[in-house]
Amino acid sequence: MKRSKSVRLVAMGTGLLLVAACEEAKVDTALFESVQQCTGLGFTAQECEANYREAQRNHVNVAPKYTAKADCEADFGSTQCEVAPQRTSSGGSVFMPLMAGYMMGSMLSGGRRGAGQPLYKSANDRSTFRTGDNKAVAKTTGRTSVARSATQTASAKTRTVSRGGFGAGARSPMRRSFGG
Amino acid sequence: MERISVEPRDDWRDTAEAHGFRFHTIDDERYWDESACYSFTLREIEDDIEDPTAEIEQLCFEVVARAVADDAVMTRLGIPEAFWDFVADTWSQQHRNLYGRMDFAYDGKGPAKLFEYNADTPTSLYESGVFQWVWLEQAIERGIIPDGSDQFNSLHEALTGSFSQMGLAGTLHVACCKDSEEDEGTVEYIADCARQGGLDAKLIYIEDIGIDTEGRFTDLQDEPINDLFKLYPWEWIMTDEFGKNVPNTNTRFIEPGWKALLSNKGLLPLLWEMFEGHPNLLPAYFDGDPAASALGDTYVRKPLFSREGANVEVFENGERTVSVEGDYGAEGHILQAYHPLPNFGGNYPMVGSWLVASQPAGIGIREDTSLVTGNNARFLPHIISE
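Being a predicted model, the structure only gives us computed values, none of them experimental.

What counts and what doesn't
- Residues numbered from 1 in each chain as written.
- Chains lettered and ligands numbered in written order.
- Predicted model: local features only at pLDDT ≥ 70, side-chain atom pairs only at ≥ 80, totals over all residues.
- Heavy atoms only, no water.
- Helix = DSSP H or I, 4+ residues; strand = E, 2+ residues; numbered from the N terminus.
- Buried < 20%, exposed > 50% of the residue type's maximum accessible area, 1.4 Å probe, protein only.
- Contact = heavy atoms within 4.5 Å.
- Areas by Shrake-Rupley, 256 points an atom, 1.4 Å probe, with all protein chains shown as cover.
- Polar contact = N/O pair within 3.5 Å; in protein donor to acceptor, adjacent residues only side chain to side chain.
- Phe/Tyr/Trp six-rings, centres within 6.5 Å; stacked < 30°, edge-to-face > 60°.
- Domains from an automatic or database assignment.
- Buried area = accessible area lost by both parts, 1.4 Å probe.
- Salt bridge = Lys/Arg side-chain N within 4 Å of Asp/Glu carboxyl O.
- Pairing = 2+ DSSP bridges.
- Nonpolar A, V, L, I, M, F, W, Y, C, P; charged D, E, K, R; others polar.
- Axes fitted to C-alpha atoms, helices over the stretch in contact; angles between N-to-C directions.
- Arc of directions from axis to C-beta.

Draft legend 1. Spotlight on the overall build of chain A. What chain A contains, in helices and strands, is four helices and nine strands. Starting at the N terminus and ending at the C terminus, chain A contains elements arranged as β-α-α-α-β-β-β-β-β-β-β-α-β. Evaluated residue by residue, chain A yields a buried proportion of 45% over its 180 residues. Once local pairs closer than 6 in sequence are excluded, the contacts in chain A between residues at least 24 apart make up 58%. Total accessible area on chain A is roughly 9100 Å²; 49% of this is exposed by carbon and sulfur atoms.

Draft legend 2. Region of interest: the side chain of Asp222(B). Mapped onto the secondary structure, Asp222(B) falls in the loop between strand S10 (217–218) and strand S11 (227–230). By relative accessible area, Asp222(B) is classed as buried at 19%. Side-chain polar atoms of Asp222(B) contact the side chain of Thr160(A), separated by 2.5 Å.

Draft legend 3. Structural context of the packing of aromatic side chains. Residue and element names in this part refer to chain B. Enumeration over the complete set of coordinates arrives at 30 aromatic pairs over all chains. Each ring, one from Tyr38 and one from Phe344, has its centre 5.3 Å from the other, and the planes form 90°; the classification is edge-to-face. Here Tyr38 is found in strand S4 (residues 36–40), whereas its partner Phe344 is found in the loop between strand S17 (333–337) and strand S18 (348–356), with 306 residues between them in sequence. Summarising the burial analysis for this pair, Tyr38 and Phe344 share the class buried. Seen in terms of ring centroids, Phe217 and Phe253 are 6.2 Å apart; in terms of plane orientation they differ by 75°. Their pairing is edge-to-face.

Draft legend 4. Region of interest: the domain arrangement of chain B. All names here are of chain B. Along its sequence, chain B is carved into domain 1 (2–264 + 343–384) and domain 2 (283–337). Spacing between the C-alpha centres of domain 1 and domain 2 amounts to 24 Å. Buried surface at the junction of domain 1 and domain 2, both sides included, amounts to about 1400 Å², of which 48% is carbon and sulfur. On the domain 1 side of the interface with domain 2, the three residues burying the most area are Arg76, Glu235 and Val372, jointly 40% of the side's total. Our enumeration of links across domain 1 and domain 2 arrives at two salt bridges. Taken together, the links from domain 1 to domain 2 amount to six residue pairs in polar contact (both at pLDDT 80 or more). Of all elements in the fold, only strand S6 (113–118) and helix H8 (234–239) reach the threshold of two or more residues within the side of domain 1 that touches domain 2. Residue contributions to the side of domain 1 that touches domain 2 peak at four residues, all from S6.

Draft legend 5. Structural detail: the sheet that holds S10(B). Across the sheet, three strands lie side by side as S9(A)-S9(B)-S10(B); this open sheet has antiparallel pairing. Whereas interior strands pair on both sides, the edge strands pair on one side only; in this sheet they are strand S9 (160–163) of chain A together with S10 of chain B. Two strands pair when backbone bridges link them, and S9(A) and strand S9 (residues 210–212) of chain B are joined in this way by three bridges, in the antiparallel orientation. Bridging across to S9(B), Arg163(A) finds its partner in Gly210(B).

Draft legend 6. Region of the structure containing the interface of chain B and chain A. Opposite the 77 residues of chain B that make contact, chain A presents 43 residues. Overall, the association of chain B and chain A removes approximately 5300 Å² of surface from exposure, summing both partners, and the carbon and sulfur fraction of that is 53%. Linking chain B to chain A there are six salt bridges. Among the elements that make up the side of chain B that touches chain A, the one with the highest residue count is helix H7 (residues 181–196) of chain B (nine residues). Among the residues making up the side of chain B that touches chain A, the classes are represented as 30 nonpolar, 20 polar and 27 charged.

Draft legend 7. Just the sheet that holds strand S8 (residues 142–147) of chain A, in detail. Residue and element names in this part refer to chain A. Strand order in the open sheet made by the six strands is S7-S6-S5-S4-S1-S8, with antiparallel pairing throughout. In this open sheet, the two strands that pair with only one neighbour each are strand S7 (136–138) and S8. Each neighbouring strand pair of the sheet contributes to a mean axis angle of 45°, computed without reference to strand direction. Examined bridge by bridge, strand S4 (residues 101–103) and strand S5 (residues 117–122) share three bridges and lie antiparallel to one another. The residue bridging Gly101 from the neighbouring strand is Leu119, located in S5.

Draft legend 8. Expanded view of helix H9 (residues 267–274) of chain B. Burial analysis of H9(B) places six of its eight residues in the buried class, which makes it a mostly covered element. For H9(B), every residue scored as buried is listed here: Leu267(B), Leu268(B), Pro269(B), Leu270(B), Leu271(B) and Trp272(B).

Draft legend 9. Molecular detail of helix H6 (residues 155–163) of chain B. All names here are of chain B. The set of residues buried in H6 consists of Leu155, His156, Leu159, Thr160, Ser162 and Phe163. Considered in projection along H6, the buried side chains sweep an arc of 165° and stay on one side of the axis. Each element contacted by the buried residues of H6 is listed here: helix H5 (125–141), strand S7 (171–176), H7, S18 and strand S19 (359–368).

Draft legend 10. Quick peek at unusual backbone geometry. All names here are of chain B. In this structure, the amide linkage connecting Ile254 to the following residue, Glu255, adopts the cis form with an omega of 0°. Position of Glu255 relative to the elements: it lies in the loop between strand S12 (252–254) and H9. Backbone geometry at Asp27 places phi at a positive 50°, although glycine is not the residue there. Relative to the helices and strands, Asp27 resides in the loop between strand S2 (25–26) and strand S3 (29–30). Unlike most non-glycine residues, Ala357 shows phi in positive territory, near 50°. Topologically, Ala357 is positioned in the loop between S18 and S19.

This is the structure we're talking about:
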């Protein structure tokens, strides 16, 4: 026999590049654009400020990084980017989006107090707060419940300093496949 | 070799959808076409396609060995100088290759003639390995084709098997470009095979790949990419902004860098120069080589990097009779003897002969109504009947 004895697929037929979205446990939290918003919802000024400072510290580490300001602005909008304290290995500037808001950790659930998380808004979706690793969190500020993973500080497995450096070849018209 | 009209399964569209084959129709044009199939004898398959495929692969290795030792050959193949050492290293370090597809003109009478070797980013993999196989099983079951029909198609077994033998560990990242359902289908299938081969596979778009401060490529979760299957041509990687990081990165690529030497029409004149007269090769020369006059005024002119027939031109008696549009050509051209595809009732089949880990693993036939197999080609199943 010149053919495979059997052909089995384990995953095809489901959603494509969308990794299977399992139902994830939700936790209660709250989103703010400012400390004032936080205290306005009844949290103590001390809690609100501590969370904000934490979010700002995390911001430096978890914000997406770019070596070109234009690339950052393309993703997050003009005037929505700032210079990051990091430098590239060759000493060049690194850019990151401004923090658009922050999220309290898991304090609302009564558990161990989680770290304040910085949030961002992308240029093409100004209504959604997203984590540094691009998980959509919520569309409004205030109390809400979000997937537990979104409240965890993005793990800095490594630090991506630039994206989009591949793919220029594909920006040509009249093509249905880039292979052949 | 015959072209046989057969009855399409009445539920083939649903079957396709259920098997994750979403690009069976592309831009409202039929791509999967089971209104006919090609029938071969076992002798035709084994002697005329399988054996020559294995043999040409060995000849290709000789071309690679020559190219990596000769800067002039690297130059002729359009490889940027910054990548010469890199390409040579991937060869000397024996970076494993996964797959490739040699395209042959074959009519069942004379020897199959190699048109080109898509050694880097071949598509039509899923429809060859899976959907064609499913068709055969069902077509036998429903009496559409004779009992005992077989197919030259061990692609799926070969792919899943080779993933477990490539020395990969942990996560294999699998990438294609955005906005191509066909390419997404291909990488999704690759990922499926990798998982069955015991790997963890993670899909990412080429455009989303990042780089960290140490020059490692990263995914959207900032995890370093150790092994990257990329359905994205090496010649584009080499000219992309991130290309300059490739020679020094620890990320391992599949296909490996040395495949850039084979997935290049420059392979064809090199093969002819080294193995002139081989029955499965067509005379070919680099454009501008005085020896090309041996072709006379009837030949085909192809850009070094062209895909899916783009920018291919046919000259007959000095007149340009076919010209395909596209945006290739700046990299240089080759001239190849004009050997028209066989004509089966106004259809011109190209036999794509698959290799997995450099071993022949099956065929897939794409048929066009023009002599240059292009973007409008349809995929037809085949059988082996005795």
